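Results of the structural survey
Each chain, written out:
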Amino acid sequence: RIDKTAGYLSLVERNKQKPSVRVLQDISEALGVNVGWFFQSDPDATGAERQYIVRAQNRRRLSYSGIGSTDYLGLTDHLLSANLDGQLALGLSCYEPGGSTGDDKYDHRGEEAGLVIKGTIELSVGNDVFTLNEGDSFSFPSVKPHRYYNPGDVEAIVVWANTPITLRP
């Protein structure tokens, strides 16, 4: 159902291969579970806090594999949502200078919005390209092909939200 071999899935199951976020989304859809099922919540949180709170030191880091490094093209994402059981995902993206979501634009269902809290981000949506600086925000339908890129010489940090939950490829 996800266009991957049984051998590949076996490697993922045995923790010898880390799937990309796109593959993880495909696996979750095939299994009929929310993608949040794959992400352990804060083990130190107790009771109600586990449902609602993410402590800064316990953020879940998304690792993009298959590129030859732990960081996908100078991009590191952290989940800020306490769980992924609802329709909204909140995250924090850190782009090294020259970092991006890749050379190609991508699209997915839903909407996304964000706030640049440090540095500069170049956002491409469809044929439009926007330069966003610290304090600037954005929102758009995610079905439009889009791409993020840090053209600056300092790290860029963006807080983002997606609905429904769709993690970056």
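So, a few notes on the structure that sits alongside this text. (Residues numbered from 1 in each chain as written. Predicted model: local features only at pLDDT ≥ 70, side-chain atom pairs only at ≥ 80, totals over all residues. Heavy atoms only, no water.)

1. Brief notes about the pairing of strand β4 (residues 111–118)
Two faces, one strand: in a regular strand the side chains alternate between the faces of the sheet. As paired elements, β4 and strand β7 (residues 137–141) share 5 bridges and run antiparallel to each other. The partner of L115 across the bridge, within β7, is S137. With 7 bridges connecting them, β4 and strand β9 (residues 156–163) associate as antiparallel partners. By the bridge assignment, E112 is partnered in β9 with N162. (Pairing = 2+ DSSP bridges. Helix = DSSP H or I, 4+ residues; strand = E, 2+ residues; numbered from the N terminus.)

2. Regarding the pairing of strand β3 (residues 89–95)
Summarising burial for β3: 6 of the 7 residues are buried, a large majority. The pairing of strand β2 (residues 75–79) with β3 spans 5 bridges and is antiparallel. The residue of β3 that forms the bridge with L79 is G91. Relative to β9, β3 runs antiparallel, the two sharing 7 bridges. Bridged to S93 within β9 is V158. (Buried < 20%, exposed > 50% of the residue type's maximum accessible area, 1.4 Å probe, protein only.)

3. Some words on the sheet that holds strand β6 (residues 128–133)
Pairing in this open sheet of 3 strands is antiparallel, and the strands run β6-β5-β8 from one edge to the other. In this open sheet, the two edge strands, each paired with only one partner strand, are β6 and β8 (146–149). On average, adjacent strands in this sheet sit at an angle of 20° to one another, irrespective of strand direction. Examined bridge by bridge, strand β5 (residues 120–125) and β8 share 4 bridges and lie antiparallel to one another. Residue pairing for β8: V125 is matched across the bridge by H146. (Axes fitted to C-alpha atoms, helices over the stretch in contact; angles between N-to-C directions.)

4. Here's the deal with the pattern of salt bridges
Within this structure, the stated rule accounts for 1 salt bridge. The closest approach of N and O atoms between E155 and K118, which form a salt bridge, is 3.6 Å. Taken together, the positions of E155 in the loop between β8 and β9 and K118 in strand β4 put the pair 37 residues apart, joining distant regions of the chain. E155 sits in the partly exposed class, given a relative accessible area of 30%. (Salt bridge = Lys/Arg side-chain N within 4 Å of Asp/Glu carboxyl O.)

5. Quick notes on the environment of G102
Locating G102 in the fold gives a position in the loop between β3 and β4. Through-space distance from the C-alpha of G102 to that of Y149 is 8.1 Å; in sequence the pair is 47 residues apart.

6. A few points about the nonpolar core
With 13 residues, the main nonpolar core has Y95, I121, L123, F138, F140, Y148 and V158 as its most contacted residues. When residues of this core are traced back to their parent elements, those giving at least two are β5, β7 and β9. Per-element accounting of this core gives the leading share, 3 residues, to β5. The contacts of I121, once residues within four sequence positions are left out, are Y95, V116, F130, T131, L132, Y148, Y149, N150, P151, A156 and V158. (Core = buried A, V, L, I, M, F, W, Y, C linked by side-chain atoms within 4.5 Å. Contact = heavy atoms within 4.5 Å.)

Read these as layout, nothing more, since geometry by itself doesn't imply function.
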